[in-house]
Amino acid sequence: MANRKLYSIDTVSELHKISGLPQPQHPLISLVDYSQVEYQIEESEISWIQDLYFIGFKRDLQGKLHYGQSQYDFDGGLLCFIAPRQLVKMIIEKYDKKPSGYLLAFHPDFIWNTSLAKTIHQYEFFGYDVNEALFLSEKEEETLIGLFKGIEKEYQSGIDQFTQNIIISQIEVILNYCERFYQRQFITRKKSNHQILDKLELFLEQYFTGEKIINNGLPTAQSIAEQLNVSTNYLSSLLKSLTGQTTQQHIHGKLIEKAKEKLSTTELTVSEIAYELGFEHSQSFSKLFKAKTDISPLEFRKSFN
């Protein structure tokens, strides 16, 4: 395992070479047809880091893709997004059924000094854990494939001074559609999403009433996401969709709820309450409490009484 080779895919040409495809028609962007891919490697398991953006729509791939801490099973159609310099592992398996789908790959240099270079990091799904892969409806698949094909047609028709801007605008349309599809997925998967919200509330309740809050301080968005087995970005997007609040706002909301409970039902001092809620300094607790409620902890206790 320790001696397994780590591949580096730094260019679109290298992607084509390892995939058994002819040289790309554009040096910085390519639409790969998965039905034409024949991996030029002997290993049954490979790992790589690519210096490319990947937007992949995949069905029935000959293998399993590991990205982050989880795994894609391509039994159905779904979208995945991989940003440059992220580690990917694939276990290659042979099936009778031919894989299908497309991979849009483009180098960061292609979008350099464009509007997309400034905004691409705002599309949070490039940071999503694979547990949050985007599942498409049939109509959504048709829309996406049409956009992919439009990009392919553009760079195949010849490169001129308009090619880059036209393709950049098409990629932006794809990403905006994907943003819409993700928001739709939040709605259509209400049951599982509300289960995540229920688990979040249970986790925060147990955390704030146990020893963890005293020993470790306030939980972070990352630590909560790990407990819920989702990515930080996905949890934030989900909470914004369901409640209009970020993960951090949920943490602070639970903190204020517990603080009010202690202020109104116990005779603990503000310093003692601050300590029980994970603060080293009571001033920090009082400052946060006032920022969230517009009154100090002592003023709240007096008004409650």
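Rules behind the numbers
The numbers attached to residues start from 1 for each chain and follow its sequence in the written order. Local features in a predicted model are, by the rule used here, given only for residues with pLDDT of at least 70; side-chain atom pairs are given and counted only at 80 or more, and totals for whole chains, interfaces and linings are based on all residues. To get the side-chain values, take all heavy atoms of the structure and skip hydrogens and water. Only runs of H or I of at least four residues qualify as helices and only runs of E of at least two qualify as strands under DSSP, and these elements are numbered from the N terminus. Throughout, exposure labels follow a simple rule: accessible area from a 1.4 Å probe, protein chains only, divided by the maximum for the residue type, with under 20% read as buried, over 50% as exposed, and the rest as partly exposed. Surface exposure here means Shrake-Rupley accessible area, sampled with a 1.4 Å probe, where a residue is shielded only by the protein chains that are shown. Here, strands pair whenever DSSP counts at least two bridges between them. For this analysis, a nonpolar core means a set of buried residues of the types Ala, Val, Leu, Ile, Met, Phe, Trp, Tyr and Cys, connected via side-chain atoms within 4.5 Å. The contact definition used throughout considers only heavy atoms, calling two residues in contact when any of these lie within 4.5 Å. pLDDT measures the predictor's confidence residue by residue and takes values from 0 up to 100. One side-chain nitrogen of Lys or Arg within 4 Å of one carboxyl oxygen of Asp or Glu is enough to make a salt bridge. Lining residues are defined by having an atom within 4 Å of a point belonging to a cavity or pocket. Those points lie on a 1 Å grid over the protein atoms alone, cavities being sets where a 1.4 Å probe fits but cannot get out and pockets being open sets with protein on both sides within 12 Å along at least five of seven lines. Grid points are joined across faces, edges and corners, and a volume is the space filled by probe spheres set on the points.

Undergrad: Would you take a moment to explain the overall build of the chain for this structure?
TA: Within the chain, the regular secondary structure consists of 13 helices and 10 strands. Out of the 305 residues in the chain, the part that is buried amounts to 47%. Accessible surface, the chain as shown: approximately 16,200 Å² in total, 49% of it carbon and sulfur.

Undergrad: What should I look at first to understand the pairing of strand β4 (residues 53–59) in this one?
TA: Judged by how many residues are buried, β4 sits mostly within the fold: six of seven residues are covered. Bridge count for β4 against strand β9 (residues 100–106) is seven bridges, and the pairing is antiparallel. Bridged to Phe57 within β9 is Tyr102.

Undergrad: I'm lost on the nonpolar core in this one. Help?
TA: Looking at soluble globular proteins, one finds that nonpolar side chains tend to be buried together. One finds Ile55, Leu104, Phe126 and Ile171 to be the most contacted residues of the largest nonpolar core, which totals 33 residues. Breaking this core down by element, the ones donating at least two residues are β2 (29–33), β4, β7 (78–82), β9, α2 (108–111), α4 (138–156) and α5 (163–188). The greatest single-element share of this core, amounting to eight residues, is contributed by α5. Look past the residues within four positions of Ile171 in its chain and what remains in contact with it is Ile29, Leu104, Phe106, Phe110, Leu116 and Ile151. Counting 30 residues, the second-largest nonpolar core is a separate cluster that includes Phe208, Tyr234, Leu235 and Leu255.

Undergrad: Would you mind going over the confidence of the model for the chain with me for this structure?
TA: Parts of the prediction with low pLDDT should not have their coordinates interpreted in detail. Of the residues in the chain, 84% have a pLDDT of 70 or more, and the chain-wide mean is 82. By mean pLDDT, strand β6 (residues 70–72) is the weakest element of the chain at 50, and β2 is the strongest at 95.

Undergrad: Any chance you could explain the pattern of salt bridges here in plain terms?
TA: Here the structure, examined in full by the defined rule, presents seven salt bridges. In this structure, Lys258 and Glu205 form a salt bridge, with 2.7 Å as the shortest nitrogen-oxygen distance. With Lys258 in helix α10 (residues 247–265) and Glu205 in helix α6 (residues 190–209), the pair connects residues that are 53 residues apart, well separated along the chain. For Lys258, a relative accessible area of 6% puts it in the buried group. Glu261 is the partner of Lys258 in a salt bridge, and the nearest nitrogen-oxygen pair spans 3.8 Å. A residue pair is termed a helical-turn pair when its members lie 3 or 4 positions apart in one helix, as Lys258 and Glu261 do in helix α10 at three residues.

Undergrad: Even after reading the chapter, I still don't get the environment of Leu175, so can you show me in this structure?
TA: Secondary-structure assignment places Leu175 in helix α5. For the pair Leu175 and Ile120, spaced 55 residues apart in the sequence, the C-alpha separation amounts to 8.6 Å. Not counting chain neighbours up to four residues away, the residues in contact with Leu175 comprise Ile55, Leu116, Ile120, Tyr123, Phe125 and Phe126.

Undergrad: I'm lost on the layout of surface pockets in this one. Help?
TA: It is a probe the size of a water molecule, rolled over the atoms, that shows where empty space is left. Of the pockets and cavities examined, the largest pocket occupies roughly 190 Å³. In terms of lining residues, the largest pocket is bounded by 14 residues, among which His16, Gln25, Ser30, Leu31 and Glu152 are the most central. Broken down by secondary-structure element, the contributors of at least two residues to the lining of the largest pocket are β2 and α4. Counting residues per element, the lining of the largest pocket draws most heavily on β2, at four residues.

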